[in-house]
Amino acid sequence: TDYSGVQVDAASERAMWDAYDEIVSISESVSQSFSRVFPQLGGKLVLMENILPRQLILRQSQAFDVSGEMPRDGSFRLLSVGRYCRAKNFDNVPAICAALLEKGLSVRWYLIGFGGDEALIRRQIAEQGMEKNVILLGKRDNPYPYIRQADLYVQPSRFEGHCVTVLEARLLAVPILATQNAAKEQLEDGKTGRLCKLDAASIADAAAELYCTPDLRQALREALRRHDFEHDNALILQKLYALL
């Protein structure tokens, strides 16, 4: 994870990390934050991003129809996937969704996942009156059909290491909105996704922009379809073989 976003006992963790021959980091920003906490261990870091099983994900994304849970009823369907925890910032989704409705937009925001913040998220849904617009779908073993059929994938995280669900949405060529804290290394703003600041107003404004500009959403889809994920996997495997 991003060590700038968590509190740790550096002394005890240093003893643990020091016992390893190599420490694999999943992104450049994770390497930097780790090195700030443990500068003595920087020489052990190896950068190796996640490998995506492209054919498996594409096949699983066609496994079933989700229209019963995410109906095509004219509403703009936003989706977020992740643990219900502070890092993911799902507790702010009801307020962001309320702001979108105040702008006159017809939206429903679906959340897939589980975790300790579920009660907090449900309280925020009730306080914002978003029971019909923010829907907790709970845990799903296969989230890919939901991602594929969403109009917009949103990653509103307070902090991330290297967000796998953003990579999966990219592979499925779904337009993506993410905070700069979540995916600044994974998306090129305006070209392969949309990046925004962490605050609720900025997320709502960026989501409204994507809602109102279908040409931009289509351009993002086309850019993602052109990406060579197999080439990425080959480069990562070369790093893995070199490490072994």
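Because the structure is a prediction, the values reported are computed rather than measured.

1. As for the side chain of lysine 88
Item 1. Mapped onto the elements of the fold, lysine 88 is located in the loop between β3 (76-81) and α4 (93-102).
Item 2. Polar side-chain contacts of lysine 88 include one of 2.7 Å to the side chain of glutamate 160.
Item 3. Excluding residues that lie within four positions of it along the chain, lysine 88 makes contacts with Gly82, Arg83, Gln155, Pro156, Ser157, Arg158 and Glu160.

2. Comments concerning the pattern of salt bridges
Once the charged atoms of two side chains with opposite charge are near each other, the side chains can pair.
Item 1. Tallied over the entire structure, the rule returns 12 salt bridges.
Item 2. Of the charged contacts in the structure, one is a salt bridge between lysine 88 and glutamate 160, with a shortest N-O distance of 2.7 Å. Taken as a pair, lysine 88 in the loop between β3 and α4 and glutamate 160 in the loop between β6 (152-155) and α7 (164-171) lie far apart in primary sequence, 72 residues in all. Across the pair, glutamate 160 and lysine 88 agree in class, each one buried.
Item 3. Across the salt bridge formed by lysine 191 and glutamate 188, the nearest N and O atoms sit 3.5 Å from each other.
Item 4. Its relative accessible area of 52% is what places lysine 191 among the exposed residues.
Item 5. Among the residues examined, glutamate 188 registers a relative accessible area of 43% and is labelled partly exposed.
Item 6. Three or more residues are tied together by salt bridges with common partners; here these are Asp189, Arg194 and Glu209.

3. Structural notes on the packing of α4 against helix α5 (residues 118-128)
Item 1. Where α4 contacts α5, the two axes come as close as 8 Å, and the packing angle between them is 25°. Considering their axes alone, α4 and α5 lie roughly parallel with respect to each other. For the element pair α4 and α5, the recorded crossing hand is right-handed. Residues Pro94, Ala95 and Ala98 of α4 pack against Ile121, Gln124, Ile125 and Gln128 of α5.
Item 2. Across the contact of α4 with α5, the residue classes tally to 5 nonpolar, 2 polar and no charged.

4. Looking at the layout of surface pockets
Item 1. The computed volume of the largest pocket comes to approximately 470 Å³.
Item 2. Surrounding the largest pocket, 25 residues form its lining, Val81, Gly82, Arg83, Lys88 and Thr165 being those nearest its centre.
Item 3. With 3 residues, the single largest contributor to the lining of the largest pocket is α7.
Item 4. Partitioned by chemical class, the residues of the lining of the largest pocket number 11 nonpolar, 6 polar and 8 charged.
Item 5. Estimates place the volume of the second largest pocket at around 270 Å³.
Item 6. Forming the boundary of the second largest pocket are 15 residues, of which Glu49, His162, Leu167, Asp232 and Ile236 lie nearest the centre.
Item 7. Looking at the lining of the second largest pocket element by element, the count peaks at 6 residues for helix α11 (residues 229-243).
Item 8. In terms of residue class, the lining of the second largest pocket is built from 5 nonpolar, 5 polar and 5 charged.

Thresholds applied
- Residues numbered from 1 in each chain as written.
- Predicted model: local features only at pLDDT ≥ 70, side-chain atom pairs only at ≥ 80, totals over all residues.
- Heavy atoms only, no water.
- Helix = DSSP H or I, 4+ residues; strand = E, 2+ residues; numbered from the N terminus.
- Polar contact = N/O pair within 3.5 Å; in protein donor to acceptor, adjacent residues only side chain to side chain.
- Contact = heavy atoms within 4.5 Å.
- Salt bridge = Lys/Arg side-chain N within 4 Å of Asp/Glu carboxyl O.
- Buried < 20%, exposed > 50% of the residue type's maximum accessible area, 1.4 Å probe, protein only.
- Axes fitted to C-alpha atoms, helices over the stretch in contact; angles between N-to-C directions.
- Parallel < 35°, antiparallel > 145°, perpendicular 65-115°, else oblique.
- Left-handed = near helix turned anticlockwise from the far one by under 90°.
- Nonpolar A, V, L, I, M, F, W, Y, C, P; charged D, E, K, R; others polar.
- 1 Å grid on protein atoms, 1.4 Å probe; cavity = no way out; pocket = protein on both sides within 12 Å on 5 of 7 lines; lining within 4 Å.
- Points joined across faces, edges and corners; volume = space filled by probe spheres on them.

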